[in-house]
Amino acid sequence: MNSILTSQVRPQSLVDSVAERLEAAIMAGELQPGSRISEQALAAALGVSRGPLREAIRRLEGRKLLQRTPNIGVHVANVSIQDLKNLLQVREALEGMACRLAAQAMTDKEIVELRRLLAEHGRQDGVVEGTSYYQNPKDQDFHFCIVKGSRNNWLIDMLCDGLYDLLRVYRFKSSTRAGRAVQAFKEHQAIVEAIASRDPDRAEAAMRQHLRNARAYVEEHEQREIEQHAAAQAMLAPAAAPPSTGLGAHAKRKPRIRAEA
């Protein structure tokens with residue numbers, strides 16, 4: 001007889017832990033975009049069986065952090081530099097609108113909570129030292145809270161479900177660029193003040209400026225990585241052969257002139 005008590009309990013908490021560990025490794029760049037996932041190696045490294053690992057991988061596939069290619073396997077999601085530019089342009093438009101709406105729709109209590117969250121971010125070692133600005137997902141994420149505060153379900157679906165996790169990867173990369181953590185935090189402060197002023201134009205402009213700055217950092221970083229990879233490949237390539245003189249090993253030799261006896 002099927003019932004709640006006769007169904008086996010799944011190790012859900014273990015799956016959660018594995019998924020969080022993989023997500024953190026992707027965000028931090030320990031698992032690089034495009035790198036292939038070896039279930040056997042990961043299971044051994046994490047000290048778990050293949051079952052929970054596979055479930056965690058499926059979750060991250062659903063969140064677009066991992067991708068599965070038939071006959072090849074699973075790899076960390078990767079986008080081209082042009083696709084990334086397009087994605088970040090879309091983000092600027094959507095989040096700019098979300099911030100405009102949040103300035104009109106967020107309650108005073110929600111704005112107080114947003115200030116509290118930002119103050120908590122400001123105490124992070126990475127922000128204080130200017131080395132990184134990491135935000136925990138969902139309700140502890142500054143951008144997530146603003147999008148939720150827009151009260152627009154279409155924007156929430158697109159930004160908090162469809163694009164959210166993939167964008168977090170590149171947001172984290174941006175925040176680790178020299179000087180960006182402190183600047184990003186100051187831009188967040190300006191956004192909160194704009195929302196609190198209940199000025200939609202000011203709020204949208206503050207968010208758009210913040211995202212343009214973040215996009216510039218990400219694009220610069222991605223382009224630099226491409227150039228460094230190309231330079232490394234060039235160094236590994238075999239030295240170019242000297243220009244051909246037309247004389248090979250079997251080239252005809254010029255006949256000797258023999259003196260007459």
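Placed above this text is the structure.
In this report, we go over the structure that sits alongside the text. (Residues numbered from 1 in each chain as written. Predicted model: local features only at pLDDT ≥ 70, side-chain atom pairs only at ≥ 80, totals over all residues. Heavy atoms only, no water.)

## With respect to the layout of surface pockets
Here is step 1 of the chain: Roughly 190 Å³ of internal volume is contained in the largest pocket.
Here is step 2 of the chain: Taken together, 13 residues make up the lining of the largest pocket; nearest its centre are Met106, Glu110, Glu113, Asp139 and Cys145.
Here is step 3 of the chain: Every element with two or more residues in the lining of the largest pocket is listed here: helix H5 (108–122) and helix H7 (142–149).
Here is step 4 of the chain: With five residues, H5 is the single largest residue contributor to the lining of the largest pocket.
Here is step 5 of the chain: Grouping the amino acids of the lining of the largest pocket by side-chain chemistry returns five nonpolar, two polar and six charged. (1 Å grid on protein atoms, 1.4 Å probe; cavity = no way out; pocket = protein on both sides within 12 Å on 5 of 7 lines; lining within 4 Å. Points joined across faces, edges and corners; volume = space filled by probe spheres on them. Helix = DSSP H or I, 4+ residues; strand = E, 2+ residues; numbered from the N terminus. Nonpolar A, V, L, I, M, F, W, Y, C, P; charged D, E, K, R; others polar.)

## Regarding the packing of aromatic side chains
Here is step 1 of the chain: Throughout the structure, instances matching the rule amount to two aromatic pairs.
Here is step 2 of the chain: Look at Phe144 and Tyr164: their rings are 5.5 Å apart centre to centre, the planes differ by 70°, and that puts the pair in the edge-to-face class. Of this pair, Phe144 sits in helix H7 while Tyr164 sits in helix H9 (residues 164–175), and the two are 20 residues apart along the sequence.
Here is step 3 of the chain: Residue class for Phe144 comes out buried when judged on its relative accessible area of 6%. (Phe/Tyr/Trp six-rings, centres within 6.5 Å; stacked < 30°, edge-to-face > 60°. Buried < 20%, exposed > 50% of the residue type's maximum accessible area, 1.4 Å probe, protein only.)

By themselves these figures say nothing about function.
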